[in-house]
Amino acid sequence: MRIDHIRQRLRAHGALPCHEHRVLRLWSQALAQDSGRRKPQDFLPLGVRGALPALEADLHGLARLISDHPAEDGSVRLLVGLHDGQTVESVLLPRDGLCVSTQVGCAVGCVFCMTGRDGLLRQLGSAEIVAQVALSRSRRSVTKVVFMGMGEPAHNLDNVMDAIELLGREGGIGHKNLVFSTVGDRRVFERLPQGPVKPALALSLHSTNAALRARLLPRAPVIDPEELVELGERYAQATGYPVQVQWTLLAGINDGDDELDGIVRLLAGKRAILNMIPYNDVDGLDFKRPSAELARGIAASLHRRGVLTKLRQSAGQDIDGGCGQLRARQVPSPQGPQPVVWRTAAPALHARAGPGGPDAAGPGSD
Ligand code: SF4
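Predicted, not measured: the structure shown is a model, and the values here were computed from it. (Residues numbered from 1 in each chain as written. Predicted model: local features only at pLDDT ≥ 70, side-chain atom pairs only at ≥ 80, totals over all residues.)

**A closer look at the confidence of the model for the chain**
Applicable threshold: Per-residue confidence from the prediction method is given by pLDDT, with values spanning 0 to 100. Two residues qualify as being in contact provided that their C-beta atoms, derived from the backbone, are within 7 Å of each other.
Summing up the model confidence of the chain, the mean pLDDT is 87 and the portion of residues at 70 or higher is 86%. Below a pLDDT of 50 lies the segment residues 333-366, which in the model reaches 80 contacts outside its immediate sequence neighbourhood of four places, other chains included.

**Points about helix 9 (residues 225-239)**
We apply this condition: The numbering of helices and of strands both runs from the N terminus, where a helix is a DSSP run of H or I of at least 4 residues and a strand a run of E of at least 2. Given the number of residues in a helix, its expected span is that number minus one, multiplied by 1.5 Å. Burial is judged by counting other C-beta atoms within 10 Å of a residue's own C-beta: 20 or more means buried, 12 or fewer means exposed, and anything between counts as partly exposed, with every C-beta placed from the backbone. To obtain the arc, one takes the directions from the helix axis to the C-beta atoms.
For helix 9, built from 15 residues, the straight-helix expectation of 21 Å at 1.5 Å per residue is met to within 8% by its first-to-last C-alpha distance of 21 Å. For helix 9, the set of buried residues is Pro225, Leu228, Val229, Leu231, Gly232 and Tyr235. For helix 9, the buried positions fall inside an angular range of 160° around the axis, keeping them on one side. In helix 9, the exposed positions that point more than 90 degrees away from the buried face belong to Gln237 and Ala238. Where the residues of helix 9 are buried, they touch helix 7 (186-191), strand 9 (200-204), helix 8 (210-216), strand 10 (243-249) and helix 10 (257-267).

**A few points about the sheet that holds strand 4 (residues 97-99)**
Test applied: For two strands to be treated as a pair, DSSP must find at least two bridges joining them. Axis definition: a line fit to C-alpha positions, over the contact stretch in the case of helices; interaxial angles, taken between N-to-C directions, run 0 to 180 degrees.
The 10 strands are arranged 1-2-3-4-7-8-9-10-11-12 in an open sheet whose pairing can be described as mixed. In this open sheet, the two strands that pair with only one neighbour each are strand 1 (64-70) and strand 12 (309-311). Strand after strand, the sheet turns through a mean of 20° between neighbouring axes, direction not considered. As defined by bridge partners, strand 11 (residues 272-278) adjoins strand 12 across three bridges and the pair is classed as parallel. For Asn275, the partnering residue across the bridge sits in strand 12 and is Lys310.

**Quick word on the environment of Val179**
By the secondary structure assignment, Val179 is in strand 8 (residues 178-182). Residue Val179 is classed as buried on the basis of its 21 C-beta neighbours within 10 Å. Each C-alpha atom, one on Val179 and one on Val145, is 6.4 Å from the other, the two residues being 34 residues apart in sequence. Excluding residues that lie within four positions of it along the chain, Val179 makes contacts with Val146, Phe147, Pro199, Ala200, Ala202 and Gln244.

**What to know about the pairing of strand 10**
A regular strand places its side chains on the two faces of the sheet in alternate fashion. When you tally the buried positions in strand 10, you get seven out of seven residues, the bulk of the element. For strand 9 and strand 10, the ladder comprises three bridges, and the chain directions are parallel. Note on strand 10: the bridge partner recorded for Ser204 is Gln246. Pairing of strand 10 with strand 11 involves seven bridges; the strand directions are parallel. Residue pairing for strand 11: Thr248 is matched across the bridge by Ile277.

Structure follows, in structure tokens:
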């Protein structure tokens with residue numbers, strides 16, 4: 001369901017913009033429709049009041065909790081059921097953050113991510129994206145929403161932008177606390193600056209080497225890493241929010257000196273924060289997490305060389321913390337266990353020397 005359908009339904013029952021605003025505000029903030037100073041009978045037209053119970057039931061059915069999985073780091077991974085029986089994951093993050101999904105499955109097919117394994121199954125409607133926030137807010141406060149769960153937001157741009165607009169208005173979330181994450185798509189850089197609510201931007205870079213990046217993110221739009229960072233920098237300058245650059249650190253693949261030099265070349269002096277996330281080992285995927293010592297060394301070295309680097313952990317590592325792992329456990333891939341093709345397809349990557357090379361010890365999400 002799209003937010004527009006909710007608006008049309010309300011209008012059909014006589015709602016004016018102020019009435020739509022109230023219903024959407026209470027829903028997206030997980031408040032009861034009869035809460036607040038003004039009671040429905042003092043504010044809403046009779047037709048809207050009559051339609052509210054059925055609408056509330058439908059909104060409630062957009063995102064239902066199937067199971068929750070608390071982790072030691074304070075995050076809680078939620079398996080969320082949609083109206084048609086599909087499932088997605090949302091993650092309650094420490095400090096009132098929430099990571100939401102934007103698609104069931106994903107077409108980008110990042111080789112280190114469970115979500116990308118089976119391709120795109122369907123888009124989430126804008127209301128289904130907001131419903132994940134409402135569901136989470138029914139459990140606890142949410143003041144920051146990152147669009148880094150299952151799916152590539154750029155491939156569902158209209159729905160994601162509609163959800164961002166509602167969350168930044170009726171949802172009461174600060175605009176820079178809405179974080180649009182993308183592997184990079186030129187449409188994003190045209191669209192984001194035009195919206196009434198301008199979110200912060202996160203770019204999934206993962207490599208500064210265009211050829212390697214194309215192998216790690218096989219169906220991402222072809223944009224040279226340098227151009228991608230430049231487009232992000234322009235948006236950061238325009239909004240005043242630093243661009244967040246995401247880097248899943250894969251042992252022996254993107255943790256070598258060549259990549260560190262590339263990161264310094266692209267990011268030093270830019271309005272950017274590099275979030276370095278050591279890969280979370282996933283059964284069936286042939287990637288390794290670098291040692292904690294190596295990851296710390298890389299982050300410290302980049303910091304010294306002028307790149308604001310934060311070493312982060314994928315939320316909920318102890319509870320299938322990689323993007324799509326919970327869903328994958330509930331819904332096995334129709335193709336069965338996936339053959340591990342990475343090592344045979346890309347032997348040269350593992351032969352790279354240097355401190356981050358094969359001797360180094362290592363959510364696949366955006
Ligand atoms: S990491 Fe993100 S963009 Fe890549 S396949 Fe997974 S969900 Fe899609």
